[in-house]
Amino acid sequence: MTGGPVTGRRRASPAGLLLVAAAAAWVWMVTRWGGMQAMPGTMSLGPSAFLAVWTLMMAAMMLPATAPVAALYARTMTVHRTPRMVVFTVAYLLVWAAAGLPAYALAVGLGRAASLPAATGTAVAAAVFAVGGVYQLTPFKDRCLARCRSPIGLMLRYASYPGLSRDLRAGAHHGAFCLGCCWSLMVLLAAFGLMNLWAMVVLAAVITAEKLAPAGRLVARTVGIASIALAVAVFWVPALAPGLTGGGMTGM
């Protein structure tokens, strides 16, 4: 009679650890950067510091939506579940940390664009919105989102991975699909401001809805259309992209 509930708690603990890690990342972001404005560029951070902050941002935004997949993967384990899930999660975050390298280069370039005349910053913001919005409507986005929404096929693939590297490979593989699914949403942070916490909260909610809500694909397409609309509207309301135009630079 007592075996069932105990097993249920053990199975839930890996997903719970991801949620705790995400919550800790959010607390750090709010307490450390909560008073920051929607700053353009790299926030005056060097490459190493930027990558550290970027990885924490990705942990805060991505881990909640990844927790159900992690819980499903944990059910394939019979021993050493918690340490193996730590390996899975670290590998997942390493993919996003690696994505921080092009993100840093992009932030440097966009930071310079923000210092140019207002019309240039507005044009760059429109391009950012347009690129992110168009990708949301592509078949590749649909494919990556489908893998994240229905990961049973991935679980069968991960079960075939041999040896001690299984959890590392599984975490990295799933991270790659999540990157393919969500990079277009992360690009929008360049327009809203990398440390715009409200933008981070909204985008994290969008990511979670895309992956977990029954109408997730509709959410993805709606966001894509809205982003394309912002690409047009920003010419009339530059404050829509405070990270590139300097408009609406209010503290959190």
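### A word on the overall build of the protein chain
If you tally the helices and strands in the protein chain, you get 10 helices and 0 strands. Classification of the 252 residues of the protein chain by burial places 46% in the buried group. Here the contacts in the protein chain between residues at least 6 apart in sequence split such that 82% fall between residues at least 24 apart. Only carbon and sulfur atoms are counted for the fraction: they give 73% of the accessible area of the protein chain, which is about 11,500 Å².

### Some details on the packing of aromatic side chains
The tally for this structure, following the rule as stated, stands at 8 aromatic pairs. When the centroid spacing of 5.9 Å and the interplanar angle of 85° are considered together, the rings of Tyr73 and Tyr158 count as edge-to-face. Highlighted residues: Tyr73 in helix 2 (residues 47-74) and Tyr158 in helix 6 (residues 152-159), separated in sequence by 85 residues. Neither residue differs from the other here; Tyr73 and Tyr158 are each classed as buried. Taken together, Tyr73, Phe88, Tyr158 and Tyr161 form an aromatic cluster joined through their ring pairs. Above the face of the Tyr161 ring, Arg169 is positioned so that its terminal group lies 3.9 Å from the ring centre.

### A short note on the nonpolar core
Membership of the largest hydrophobic core comes to 73 residues, with the highest contact counts inside it found for Met61, Trp96, Met186 and Leu189. With 17 residues, helix 2 is the single largest residue contributor to this core. Discounting residues that sit within four places of it in the chain, Trp96 has contacts with Trp54, Met58, Met62, Gly175, Cys178, Leu179, Cys182, Trp183 and Met186.

### A look at the side chain of Thr122
Along the chain, Thr122 turns up in helix 4 (residues 118-136). On the basis of relative accessible area, Thr122 is assigned to the buried category, the value being 7%. If near-sequence neighbours (up to four positions away) are discounted, Thr122 is found in contact with Val234, Phe235, Pro238 and Thr245.

### So, the environment of Thr82
On the secondary structure map, Thr82 appears in helix 3 (residues 81-114). Of the residues examined, Thr82 reaches a relative accessible area of 36% and is grouped as partly exposed. Along the sequence, Thr82 and Leu17 sit 65 residues apart, while their C-alpha atoms lie 8.7 Å from each other.

### Quick look at the pattern of salt bridges
Scanning all chains against the criterion turns up 3 salt bridges. With a closest N to O distance of 2.8 Å, Asp167 and Arg84 form a salt bridge. Note that Asp167 is positioned in helix 7 (residues 166-192) and Arg84 in helix 3, a separation of 83 residues in sequence. Exposure remark for Asp167: the relative accessible area of 6% places this residue in the buried category. On the basis of relative accessibility, which here comes to 19%, the residue Arg84 falls in the buried class.

### A few points about a nonpolar patch on the surface
Taken together, the side chains of Val134, Leu137, Ile225 and Ile228 define a hydrophobic patch exposed on the protein surface, amounting to about 310 Å² of accessible area. One can find Ile228 in helix 9 (residues 216-233).

### Notes on the packing of helix 8 (residues 197-212) against helix 9
Interhelical geometry of helix 8 versus helix 9 gives an angle of 140° and a closest axis separation of 6 Å. In terms of orientation, helix 8 and helix 9 fall into the oblique class. Crossing of helix 8 against helix 9: the hand is left-handed. Each of Val206, Ala209 and Glu210 in helix 8 lies in contact with helix 9, whose residues at this interface are Gly216, Val219, Ala220 and Val223. Split by residue class, the contact of helix 8 with helix 9 holds 5 nonpolar, 1 polar and 1 charged.

### Section: the environment of Met61
Within the element layout of this structure, Met61 appears in helix 2. A residue is classified by how much of its surface remains accessible, and Met61, at 0% relative accessible area, is buried. The spacing of Met61 and Thr208 is 147 residues in sequence and 8.6 Å in space, taken between C-alpha atoms.

Calculation rules
Residues numbered from 1 in each chain as written. Predicted model: local features only at pLDDT ≥ 70, side-chain atom pairs only at ≥ 80, totals over all residues. Heavy atoms only, no water. Helix = DSSP H or I, 4+ residues; strand = E, 2+ residues; numbered from the N terminus. Buried < 20%, exposed > 50% of the residue type's maximum accessible area, 1.4 Å probe, protein only. Contact = heavy atoms within 4.5 Å. Areas by Shrake-Rupley, 256 points an atom, 1.4 Å probe, with all protein chains shown as cover. Phe/Tyr/Trp six-rings, centres within 6.5 Å; stacked < 30°, edge-to-face > 60°. Lys NZ or Arg CZ within 6 Å of the ring centre and 35° of its normal. Core = buried A, V, L, I, M, F, W, Y, C linked by side-chain atoms within 4.5 Å. Salt bridge = Lys/Arg side-chain N within 4 Å of Asp/Glu carboxyl O. Patch = residues over 30% accessible without salt bridge, like charges linked within 9 Å, V, L, I, M, F, W, Y side chains within 5 Å. Axes fitted to C-alpha atoms, helices over the stretch in contact; angles between N-to-C directions. Parallel < 35°, antiparallel > 145°, perpendicular 65-115°, else oblique. Left-handed = near helix turned anticlockwise from the far one by under 90°. Nonpolar A, V, L, I, M, F, W, Y, C, P; charged D, E, K, R; others polar.

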